Amino acid sequence: MATDVAFDARHRGAPGLAHGGAISAACDDLFGFVLYLVQEIAVTRTLTVNYLAPVPLGQPHRITARLQRRQGRRLHLEATGTGHDDVTRFTAEALFLVVDREHFTPHGADADVLAMFNRPPEHR
Ligand SMILES: CCCCCCCCCCCC(=O)SCCNC(=O)CCNC(=O)[C@H](O)C(C)(C)COP(=O)(O)OP(=O)(O)OC[C@H]1O[C@@H](n2cnc3c(N)ncnc32)[C@H](O)[C@@H]1OP(=O)(O)O
């Protein structure tokens, strides 16, 4: 799973550079989309971002994420963020834990979320 993102003024940390929290959010969000490929419903338990180099605003970066391995409920995911100049500026690792629908229902899960649990995995 991959996405191209160019951080902009909304994501500014230091002048001209992306805020680490925005980079972290982008990785976590893409990991969430990997779940569609894995066909599991899971949430982030841990997320580690390795900030290898400053990320300039306005420069597209490709974030590539994949399932590295699975151990029962534990999904180990990893991501890499690389600029068009082929410089890898950040990597991330996450542990997602597979959850059931009761994880969401106390918090007002909407029909779309609940419907996910009723579909066969190949249609999630
Ligand atoms: C439109 C449709 C959308 C569908 C919805 C799609 C959602 C997409 C989400 C996108 C990403 C997000 O933003 S998610 C949002 C941010 N994350 C959250 O809000 C999660 C908050 N945390 C939690 O609710 C909870 O901690 C859970 C559910 C993650 C886990 O609680 P739990 O179910 O009680 O699990 P727990 O017993 O603690 O741990 C389960 C197993 O994992 C192991 N384990 C726990 N932590 C670790 C660890 N750091 N490293 C190794 N192993 C660990 C435990 O030893 C145990 O092993 P063993 O004894 O089994 O061997």
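Reading the values: rules and limits
- Residues numbered from 1 in each chain as written.
- Predicted model: local features only at pLDDT ≥ 70, side-chain atom pairs only at ≥ 80, totals over all residues.
- Heavy atoms only, no water.
- UniProt positions renumbered as here; feature names shortened; annotations may be inferred.
- Near = heavy atom within 4 Å.
- Polar contact = N/O pair within 3.5 Å; in protein donor to acceptor, adjacent residues only side chain to side chain.
- Areas by Shrake-Rupley, 256 points an atom, 1.4 Å probe, with all protein chains shown as cover.

In the annotation of an unreviewed UniProt entry, the protein is listed under the name Acyl-coenzyme A thioesterase THEM4 and assigned to Prauserella oleivorans. Recorded in UniProt under Sequence similarities (unreviewed entry), the annotation for the protein is "Belongs to the THEM4/THEM5 thioesterase family."

A.B. asks: Describe the site of the ligand, listing the residues and the values that go with them.
C.D. replies: Around the ligand sit 15 residues in total, of which Thr44, Arg45, Arg73, Arg74 and His103 are the nearest. A distance of 3.1 Å separates a nitrogen atom of the ligand from a polar atom in the backbone of Thr44. Contact distances for the ligand include 2.9 Å between an oxygen atom and a side-chain N or O atom of Arg45. When isolated, the ligand has an accessible area of 1300 Å², and the protein chains bury 51% of it.

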